[in-house]
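Chain residues, written in single-letter form:
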Amino acid sequence: MTINIQYIHMSTSEAMNEHVTAKLNKLALKYDWVISAEVIFDTIQKEKEDGKICKIELSAPGPRIFASSQERTYELAVKNTINDLDVQLKKRKHSYVNS
């Protein structure tokens, strides 16, 4: 799976790259038909709390799969976003198996 990571309103973080890549690679092992992932990290400047945003769009057969979350840390935002994607991928896998 190809992973592209962008940072908006913040500097690039090698640790965050490794963290999100590891999480997405685990997802790719479960769902080998996922082609690529576009990850965007953003921050809301005015918010003191819950201003860290993670958006992930997956390219797979059929419509694209997208999830995002806004939390107090990027790690928590990544975790929640990946969990949301996992739920969507399970549904898609289930619908393809039953069709």
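This text follows the structure it describes.
Reading the values: the criteria
- Counting starts from 1 at the beginning of each chain's written sequence and moves along it residue by residue.
- Totals for whole chains, interfaces and linings use all residues, but because this is a predicted model, local features are given only for residues with pLDDT of at least 70 and pairs of side-chain atoms are given and counted only at 80 or more.
- To obtain the side-chain values, all non-hydrogen atoms of the structure were used and water was disregarded.
- Numbered from the N terminus, helices here are DSSP runs of H or I no shorter than four residues, and strands are runs of E no shorter than two.
- The globule rule is 2.2 Å times the number of residues to the power 0.38, and the radius of gyration it is compared with is taken over C-alpha atoms.
- Working definition: with a 1.4 Å probe on protein chains only, accessible area under 20% of the residue-type maximum means buried, over 50% means exposed, and in between means partly exposed.
- Note on contacts: a residue pair is in contact if any heavy atoms of the two residues lie within 4.5 Å.
- For accessible areas, the Shrake-Rupley method is used with a probe of radius 1.4 Å. Any residue's cover is judged against the shown protein chains and nothing else.
- The convention is simple: Lys and Arg are positive, Asp and Glu are negative, and His and the chain ends are not counted.
- A charge is said to be at NZ when it belongs to Lys, at CZ for Arg, at CG for Asp and at CD for Glu.
- By nonpolar core we mean a set of buried residues, namely Ala, Val, Leu, Ile, Met, Phe, Trp, Tyr and Cys, connected to one another through side-chain atoms within 4.5 Å.
- In this analysis, strands are considered paired if DSSP registers two or more bridges between them.
- The angle between two axes is taken between their N-to-C directions and runs from 0 to 180 degrees, where each axis is a line fitted to C-alpha atoms and a helix contributes only its stretch in contact.
- Classification of ring pairs uses Phe, Tyr and Trp, with its six-membered ring standing for Trp, and accepts pairs whose centres are within 6.5 Å; under 30 degrees between planes counts as stacked, over 60 as edge-to-face, and the remaining range as tilted.

Participant: Just checking my understanding: could you explain the overall build of the protein chain for this structure?
Facilitator: Along the backbone of the protein chain there are 2 helices and 4 strands. Its helices and strands taken in sequence order, the protein chain reads β-α-β-β-β-α from the N to the C terminus. For the protein chain, whose C-alpha radius of gyration is 14 Å, the value lies close to the compact-globule estimate of 13 Å for 99 residues. Taking the principal axes of the C-alpha coordinates as reference, the protein chain spans close to 45 × 20 × 20 Å. In the protein chain, which comprises 99 residues, the proportion classed as buried is 35%. Within the protein chain, contacts between residues at least 6 apart in sequence are counted, and of these 51% link residues at least 24 apart. Approximately 6100 Å² of the protein chain is accessible, and the part contributed by carbon and sulfur atoms is 50%. Across the protein chain, the centroid of the 14 positively charged side chains sits 5 Å from that of the 13 negatively charged ones.

Participant: Even after reading the chapter, I still don't get the nonpolar core, so can you show me in this structure?
Facilitator: In globular proteins that are soluble, nonpolar side chains generally tend to be buried together. In this structure, Leu24, Leu27, Phe41, Ile56 and Leu58 are the most contacted members of the largest nonpolar core, which totals 21 residues. Secondary-structure elements contributing two or more residues to this core are helix 1 (14-30), strand 2 (36-43), strand 3 (52-59), strand 4 (65-71) and helix 2 (74-98). Contacts of isoleucine 56, omitting those with residues within four sequence positions, involve Val20, Leu24, Ala37, Glu38, Val39, Ile65, Phe66, Ala67, Thr81, Ile82 and Leu85.

Participant: For this particular structure, what's the right way to read unusual backbone geometry?
Facilitator: Trans peptide bonds make up the majority, and among non-glycine residues the majority have a negative phi. With phi around 60 degrees, histidine 9 is a residue other than glycine that occupies positive phi space. Tracing the sequence through the fold places histidine 9 in the loop between strand 1 (2-7) and helix 1.

Participant: Would you mind going over the sheet that holds strand 2 with me for this structure?
Facilitator: Two orientations exist for strands paired in a sheet by backbone hydrogen bonds: parallel and antiparallel. The mixed open sheet is built from 4 strands, whose spatial order is 1-2-3-4. Two strands bound the open sheet, and with one partner strand each, they are strand 1 and strand 4. Within this sheet the neighbouring strands show an average axis-to-axis angle of 10 degrees, counted without direction. When strand 2 meets strand 3, the two strands line up antiparallel, connected through 8 bridges. Across the sheet, residue threonine 43 finds its bridge partner in strand 3, namely lysine 52. Running at roughly 145 degrees to strand 1, helix 1 makes contact with strand 1, strand 2 and strand 3 of the sheet.

Participant: What's the story with the packing of aromatic side chains in this structure? I'm lost.
Facilitator: Any aromatic ring pair is given by two values, namely how distant the centres are and how the planes are angled relative to each other. The full count for this structure, using the stated rule, is 3 aromatic pairs. Following the ring pairs from residue to residue traces out a cluster consisting of Tyr7, Phe41 and Tyr74.

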